[in-house]
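The lines below spell out each chain.
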Amino acid sequence: MRYPVPDLPADGRHAVEIEVEKSRFITWLNHAPDVAAFDALLAAARHEHPAATHHCSAFIAGPPGEQNAIGFSDDGEPGGTAGRPMYQVLDGSGLGQVGCVVIRYFGGTKLGTGGLARAYSQAVAHALETLPQRQHVERDRLTLKVGFAGEAEARAWLATQDALIDTADYTSDGVLLGVAWPSDMALDLAALQARLRGNVQLIEPTPGT
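The following refers to the structure shown. What you see is a predicted model, and the numbers here were worked out from it, not measured in a lab.

**Things to note about the packing of helix H2 (residues 83–93) against helix H3 (residues 112–129)**
Alright, step 1. Relative orientation of the contacting elements H2 and H3 amounts to 35 degrees, with a least axis distance of 8 Å. Handedness of the H2/H3 crossing: right-handed. Counted together, Pro-85, Met-86, Val-89, Leu-90 and Ser-93 of H2 and Ala-117, Tyr-120, Ser-121, Val-124, Ala-125 and Leu-128 of H3 form the full contact between these two elements.

**A look at the sheet that holds strand E3 (residues 23–31)**
Alright, step 1. In spatial order, the strands read E2-E3-E6-E4-E5; together these five strands make up an open sheet with antiparallel pairing. With one partner strand each, in any of the chains shown, strand E2 (14–20) and strand E5 (70–73) form the two edges of the open sheet. The sheet shows a mean angle of 15 degrees between the axes of neighbouring strands, taken without regard to direction.
Alright, step 2. Looking at chain direction, E3 and strand E6 (residues 98–105) are connected through eight bridges and run antiparallel. The residue bridging Trp-28 from the neighbouring strand is Val-101, located in E6.
Alright, step 3. Sheet strands touched by H3: E2, E3, strand E4 (54–60) and E6. Its angle to E2, the strand with the most contacts, is close to 145 degrees.

**Focus on the environment of Asp-34**
Alright, step 1. Relative to the helices and strands, Asp-34 is located in the loop between E3 and helix H1 (35–48).
Alright, step 2. When its relative accessible area of 38% is taken as the criterion, Asp-34 is described as partly exposed.
Alright, step 3. Linking Asp-34 and Gly-115, residues 81 residues apart in sequence, is a C-alpha distance of 31 Å.

**A few points about the sheet that holds strand E10 (residues 174–182)**
Alright, step 1. Spatially, E9-E10-E8-E11 is the arrangement adopted by the four strands of the open sheet, whose pairing is antiparallel. Pairing within the sheet leaves two strands with one partner each, and these edge strands are strand E9 (164–171) and strand E11 (200–202). Taken over all neighbouring pairs, the strand axes of this sheet differ in orientation by 25 degrees on average, direction set aside.
Alright, step 2. Examined bridge by bridge, strand E8 (residues 139–146) and E10 share eight bridges and lie antiparallel to one another. Pairing of Arg-141 across the sheet is with Ala-180, part of E10.
Alright, step 3. Seen against the sheet, helix H4 (residues 151–160) touches E8, E9 and E10 and runs at an angle of roughly 0 degrees to E10.

Thresholds, definitions, all that
- Residues numbered from 1 in each chain as written.
- Predicted model: local features only at pLDDT ≥ 70, side-chain atom pairs only at ≥ 80, totals over all residues.
- Heavy atoms only, no water.
- Axes fitted to C-alpha atoms, helices over the stretch in contact; angles between N-to-C directions.
- Helix = DSSP H or I, 4+ residues; strand = E, 2+ residues; numbered from the N terminus.
- Left-handed = near helix turned anticlockwise from the far one by under 90°.
- Contact = heavy atoms within 4.5 Å.
- Pairing = 2+ DSSP bridges.
- Buried < 20%, exposed > 50% of the residue type's maximum accessible area, 1.4 Å probe, protein only.

By themselves these figures say nothing about function.
Below, the structure is given as structure tokens:
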């Protein structure tokens, strides 16, 4: 499965601010491959903005459409006016692995429930417009054994399949290549077998990453 995720470092954030009826809405987005990454973003928002009126939040710590590692919070705003609208914007964006906190400083004018929902939705949508993104590819783990003479050919072929090699262990009779294979591609080594005249062996396919 391939889907867009925030293109941000592990401890990075994308911050955008809007103003609605004199209230400041500061949106932070981060790359949240797990719930712990989102929790760190929320903790940082509360630490850096302790005087804010609210720290509302939403996250999808998995692929688009994830049903378990998700969440949202109104943080004291009227029920359903902040966290859920924020989550709906994230869900509709097609992004995965994304965390979001909207920090609000009350400006003195009450927005009403409809106005709050629109403001929080707008804050997230506005931040998403400029969010750097990259493609995430889910991968399965496998190990291939090839002869020394076939290593370069195997590496070149795997590159054409968008397969990543992250380990190479050299033994007395060949090379063990640790490979991250795209999970949305069928594993078919026939072409590589033909190139290496059968001198390739699949050692251990392991579903999931």
